[in-house]
Amino acid sequence: MPDRANACLWDGFEILFRSLLAALLLEGSVPRGSVLDAGAQQGHEACLFSESAPGRLVHAMDPAIGNVERIRSRYGDRPNLLASHGALASETAQGFKDE
């Protein structure tokens, strides 16, 4: 069980989206399987998904290794949340800076 000190953070945006998705996951309306948060940034949504669907594996993927490290540091105690370095693209974006 995650430590409450590492509760999911929230930036205050996308209130309706977060509420609806959490409710759909909690009531079992989303088909079975893993959840992918591609471009996870700080991991706030991935954390929400892991709390709302504790029986699912949540993949938090981000192209910035600094973001992946922050997700692991903040939410590494969640057994169903896996942070990975990567992106969904066929080539590297020009000007992308790995923070």
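This text follows the structure it describes.
In this text, all values refer to a predicted model and were calculated from it rather than measured experimentally.

Undergrad: How should the overall build of the protein chain be read in this particular structure?
TA: A tally of helices and strands in the protein chain yields three helices and three strands. Sequence-ordered secondary structure for the protein chain, helices as α and strands as β, is α-β-α-β-α-β. Of all 99 residues assigned to the protein chain, the portion counted as buried reaches 33%. Restricting the contact set of the protein chain to residue pairs at least 6 apart, pairs at least 24 apart contribute 62%. A total accessible area of about 6,400 Å² is found for the protein chain, and carbon and sulfur atoms account for 57% of it.

Undergrad: How should I be thinking about the state of the cysteines in this particular structure?
TA: In a disulfide, the sulfur atoms of two cysteines are covalently bonded to one another. What the rule picks out here adds up to one disulfide. One disulfide in the model links Cys8 with Cys47; its S-S distance is 1.9 Å. Around the S-S axis, the bridge from Cys8 to Cys47 shows a dihedral of about -85 degrees and counts as left-handed. Of this pair, Cys8 sits in the segment before helix H1 (15-26) while Cys47 is found in helix H2 (residues 44-52), placing the two residues 39 residues apart along the sequence.

Undergrad: Honestly, the pattern of salt bridges in this entry has me stumped. Any pointers?
TA: Here the idea is simple: oppositely charged side chains can pair when their charged atoms come close. Scanning the entire structure with this criterion turns up two salt bridges. A salt bridge links Arg18 to Glu45; the shortest N-O distance between them is 3.0 Å. Residue Arg18 is located in helix H1, and its partner Glu45 is located in helix H2; the two are separated by 27 residues in the primary sequence.

Undergrad: Any chance you could explain the nonpolar core here in plain terms?
TA: Counting residues in hydrophobic clusters, the biggest one holds 14 residues, and the most contacted among them are Ala46, Phe49, Val58, Ala60, Ile71, Tyr75 and Leu81. Those elements that provide at least two residues to this core are H2, strand E2 (58-62), helix H3 (65-75) and strand E3 (81-85). In this structure Leu81 touches Ala46, Cys47, Ser50, Val58, Ala60, Ile71 and Tyr75, once residues within four positions along its chain are discounted.

Cut-offs and rules
- Residues numbered from 1 in each chain as written.
- Predicted model: local features only at pLDDT ≥ 70, side-chain atom pairs only at ≥ 80, totals over all residues.
- Heavy atoms only, no water.
- Helix = DSSP H or I, 4+ residues; strand = E, 2+ residues; numbered from the N terminus.
- Buried < 20%, exposed > 50% of the residue type's maximum accessible area, 1.4 Å probe, protein only.
- Contact = heavy atoms within 4.5 Å.
- Areas by Shrake-Rupley, 256 points an atom, 1.4 Å probe, with all protein chains shown as cover.
- Disulfide = S-S within 2.5 Å.
- Salt bridge = Lys/Arg side-chain N within 4 Å of Asp/Glu carboxyl O.
- Core = buried A, V, L, I, M, F, W, Y, C linked by side-chain atoms within 4.5 Å.

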